[in-house]
Amino acid sequence: MLHELQLALLGYTGDLIIDERDGRFDAISDFPNEPTFKLAPDLSSIQPSERDIIERLLPLGFYYRALDHFAAKHRHLSSSQFAQYFPHTQASELQKKSPGKGSVYRRAIANGIVEILSVYRSSVLQVEQNLLSDPMPILATVTLGLNKYAVLMPPIYELIAEIEREDIRGGQLLNLLRKRCHCGVPELQACIQRLLWHGHQILYNQLASWMVYGILQDPHGEFFIRRQDASDIESESSLSDATEKLRYKSSENAALTDWNIGFHIFLEMLPDYIHMHIAESILFAGKAIRVLRNPAYSFRVQESIHQQHILRGTQRTQGSMGTSVLSKDPLKGANIVAEELFPQSEADKIEEMLQGLKQSSEFHKRSFESAVNSICTVAANHLWQLVVIRADLNGHLKALKDYFLLAKGDFFQCFLEESRQLMRLPPRQLTAEADLMVPFQLAALKTISEEDKYFSRVFLRIPSIGIGIPSSEMNLQKMKVDVNLGVLLQGTTPSEFSVDGWDGIALEYSVDWPLQLFFTPEVLSKYLKVFQYLIRLKRTQMELEKSWAGAMHQDHADFANHRREKKSCSLSQHRRQRTRPMWQVREHMTFLIRNLQFYIQVIWLMSLSLNGTYYKHMCRLPMILPNL
């Protein structure tokens, strides 16, 4: 009987101890609320007191068997390994059930369960040795050796039953384990903390993959950083947003897409003890590492050629051209450029921080947040060097201010002066843009110096002027995207044009990698709208000034004629009285236009820096904001 009991304690039933579910193996995964290991009903050779003791011990075997099944199922054992744990028929049935939706977190918990069960098996083995060494073995020896597991096995069984029934995985599984850690039984708390430690090992591995290499290692969708699916983008976007997404999909470098719309925080898998701002820092750090490790092809080639020119100039200075071993193939230096953007030493430093967290037996929230903030700072520093120093972000910001906000007043004053006669006539459908390029280039020759390296990035455009577009073609043209220049060109119908056809004047600004991370089509379209409105105001202001100049010229001419011909000035005085209300209106209009220009140029720029899409990304760089 004792031998049969020991086998039952390890999950093997027989003739004396049976499982009420035998013959109904499909119900194993149902996790019944009550243990099903019982003494055979026809067993009458034992005393009632012994029966009572045995029935109190049998649930341990039931729990062991259920936990062992859970561990074998989620550890993805092979057929031979299954056969070692279960009978052949049960192993084949269990393998049919195991291939469902996988979970690396459940596999980690299964490894922790195996550790707990190994300790339990050791205790059963020790009990067996005690029984064999005792000349008169008694049930009290078994009870004494396994009594502590009576408070451990039931809660752990309830834990894995809840995991299976509610299909808990990922961050939700970590939440459940952390919640169960708060109990008053030290032994049980230690066991669940060990299971939580195994779960955190997976979390740290995913964090290391994301924050060290920029790779999202999440085969079963359990990480709280998730790639944005195309279906999600379409369901959350309007038609205008879809055009922006089309621009991203057609980009040369996938990293630009990843930065803007590629990844998001999946709140359902975010552990409750990780704050949202920490999750955002993790998201930013991973995206920054992806950018640094995957520079655009054109950027790598350009930087490689630039470095070779520097080395060649250095060698000429040293007079060692004869021993030059410069690479003729710029692609060979491309990997060196990527290494410079994010050195391996920095990656090792980040990995060391995460390794320190991984080795800790418990999750320390303050240490975790400190490590994440340090990693975020490292990533931000290198992204700062790339975007602000190498790519000259401040220079491009000034260029946008100069040309889109009309800060180069002399250039636009000259341009409007040169094109004033042209703009008095309606724009021609086929040659309007070419006609306007003549005064545009003349104004550039007169006012733009050769040192202005940003003017070559500015392009003057006039979208379709007054051309009727069939409704079937209009939708296609609204989706047209200029990938090279990075500005959205939307088709319009004649009804959408203002009375003055020249109001459609538009500027396009060409940006290279990595500034496309921040100068998104949405940002540039906002600058474009402001430019179009400001250029209208500028034209209006100029016409008001011209009208005042013409009136003053006529008034001076009348006064000169009066003095020369000695005529009565009653006619001139009468004309002044009639036109005085008109000039008062002109004065009010000039005041309004001048102040409106100032408001848009200054106040709009300040509001954009706080709320605009461009600075929305920049606010996640702790090293950028203090320097802008």
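The shown structure was predicted, so the numbers you read here are calculated from the model rather than taken from an experiment. (Residues numbered from 1 in each chain as written. Predicted model: local features only at pLDDT ≥ 70, side-chain atom pairs only at ≥ 80, totals over all residues. Heavy atoms only, no water.)

J.: Hey, could you run me through the overall build of the protein chain in this one?
T.: Each helix and strand in the protein chain was counted, giving 25 helices and eight strands. Residues classed as buried in the protein chain amount to 46% of the 628 residues present. With the model as given, the accessible surface of the protein chain reaches about 32800 Å², and the carbon-plus-sulfur share is 54%. (Helix = DSSP H or I, 4+ residues; strand = E, 2+ residues; numbered from the N terminus. Buried < 20%, exposed > 50% of the residue type's maximum accessible area, 1.4 Å probe, protein only. Areas by Shrake-Rupley, 256 points an atom, 1.4 Å probe, with all protein chains shown as cover.)

J.: I keep staring at the packing of helix α1 (residues 2–9) against helix α6 (residues 139–146) and nothing clicks. Help me out?
T.: When two helices pack together, their arrangement is given by the angle between the helix axes and the distance between those axes. Where α1 contacts α6, the two axes come as close as 11 Å, and the packing angle between them is 20°. On the basis of the axis angle, α1 is roughly parallel to α6. Judged by the twist between their axes, the crossing of α1 over α6 is right-handed. On the side of α1, the interface is formed by L2, L5 and L9, while α6 contributes L139, V142 and L146. (Axes fitted to C-alpha atoms, helices over the stretch in contact; angles between N-to-C directions. Parallel < 35°, antiparallel > 145°, perpendicular 65-115°, else oblique. Left-handed = near helix turned anticlockwise from the far one by under 90°. Contact = heavy atoms within 4.5 Å.)

J.: Just to check I follow, could you spell out the pattern of salt bridges for this structure?
T.: Any two side chains of opposite charge can pair, on the condition that their charged atoms come close. Going through the model one piece at a time under the given rule, you end up with 21 salt bridges. Among the salt bridges present, the one from K446 reaches E418, with a minimum N-O distance of 2.4 Å. Of this pair, K446 sits in helix α21 (residues 432–447) while E418 is found in helix α19 (residues 409–418), placing the two residues 28 residues apart along the sequence. We note a salt bridge from E508 to R461, for which the minimum N-O separation is 3.4 Å. Highlighted residues: E508 in strand β8 (residues 506–509) and R461 in strand β5 (residues 458–461), separated in sequence by 47 residues. Through salt bridges with shared partners, a single ionic network connects K73, R106, E164, D167 and R169. (Salt bridge = Lys/Arg side-chain N within 4 Å of Asp/Glu carboxyl O.)

J.: Is there a simple way to explain the packing of aromatic side chains in this structure?
T.: The description of two aromatic rings rests on the distance between their centres and on the angle between their planes. Evaluation of the coordinates by the stated rule reveals 22 aromatic pairs. With centroids separated by 6.1 Å and ring planes inclined at 65°, the aromatic side chains of F404 and Y527 adopt a geometry described as edge-to-face. One end of the pair, F404, is in helix α18 (residues 393–404); the other, Y527, is in helix α23 (residues 521–565), with 123 residues separating them in the sequence. Look at Y527 and you get buried, because its relative accessible area is 2%. (Phe/Tyr/Trp six-rings, centres within 6.5 Å; stacked < 30°, edge-to-face > 60°.)

J.: Just checking my understanding: could you explain the side chain of S209 for this structure?
T.: Among the structural elements, S209 can be located in helix α9 (residues 186–213). If sequence neighbours within four positions are ignored, S209 has contacts with G214, I215 and Q217.

J.: Quick question: what am I supposed to make of the pairing of β8 here?
T.: A regular strand places its side chains so that they alternate between the two faces of the sheet. Residues A506 and E508 of β8 are buried on one face, and the alternating residues L507 and Y509, pointing to the opposite face, are buried as well. Pairing analysis gives four bridges linking β5 to β8, with the strands arranged antiparallel. Among the inter-strand pairings, R461 is bridged to a residue of β8, identified as A506. (Pairing = 2+ DSSP bridges.)

J.: Is there a simple way to explain the environment of A161 in this structure?
T.: In this fold, A161 is placed in helix α7 (residues 153–165). Put simply, A161 and P32 are 129 residues apart on the chain and 8.6 Å apart in space, counted from C-alpha to C-alpha.

J.: I keep staring at the environment of E4 and nothing clicks. Help me out?
T.: Summarising the element assignment, E4 is placed in helix α1. Along the primary structure E4 and L16 are separated by 12 residues, whereas in three dimensions their C-alpha atoms are 7.1 Å apart. Excluding residues that lie within four positions of it along the chain, E4 makes contacts with T13, G14, D15, L16 and I17.

J.: Sorry, what's going on with the confidence of the model for the protein chain here?
T.: Interpretation of the predicted coordinates at a detailed level should be avoided for regions scoring low in pLDDT. Chain-level pLDDT for the protein chain is 76 on average; 69% of the residues reach the 70-or-more range. Within the protein chain, α9 carries the highest mean pLDDT (95), whereas helix α22 (residues 471–478) carries the lowest (35). Confidence over residues 78–83 falls short of pLDDT 50; this stretch has 10 contacts with residues more than four positions distant or in other chains. (pLDDT = per-residue confidence, 0-100.)

J.: I would appreciate a short explanation of unusual backbone geometry in the present structure.
T.: Only a minority of non-glycine residues have a phi that is not negative, and only a minority of peptide bonds are not trans. For the peptide bond that leads from W513 to P514, omega is 10°, which places it in the cis range. Positive phi outside glycine occurs at D167, with the angle close to 50°. Even without glycine at this site, L406 takes up a positive phi of about 60°. For L406, the position within the fold is in the loop between α18 and α19. By relative accessible area, which is 8% here, L406 ends up buried.

J.: Explain α21 to me, please; I cannot follow it from the model alone.
T.: Owing to its 3.6 residues per turn, the α-helix brings residues three or four apart onto one side. Counted at 1.5 Å a residue, the expected span for α21 with its 16 residues is 22 Å, and the 23 Å between its end C-alpha atoms agrees. All of the buried residues in α21 are A432, D435, L436, P439, F440, A443 and A444. (Expected span 1.5 Å × (residues − 1).)

J.: What am I meant to see in the packing of α1 against helix α5 (residues 104–133) here?
T.: Between α1 and α5, the shortest axis-to-axis distance is 10 Å and the interhelical angle comes to 170°. When the interaxial angle is binned, α1 and α5 end up roughly antiparallel. Packed against α1, whose contacting residues are L2, Q6 and L9, the element α5 presents Y120, V124, E128 and L131 at the interface. Considered class by class, the residues forming the contact of α1 with α5 number five nonpolar, one polar and one charged. (Nonpolar A, V, L, I, M, F, W, Y, C, P; charged D, E, K, R; others polar.)

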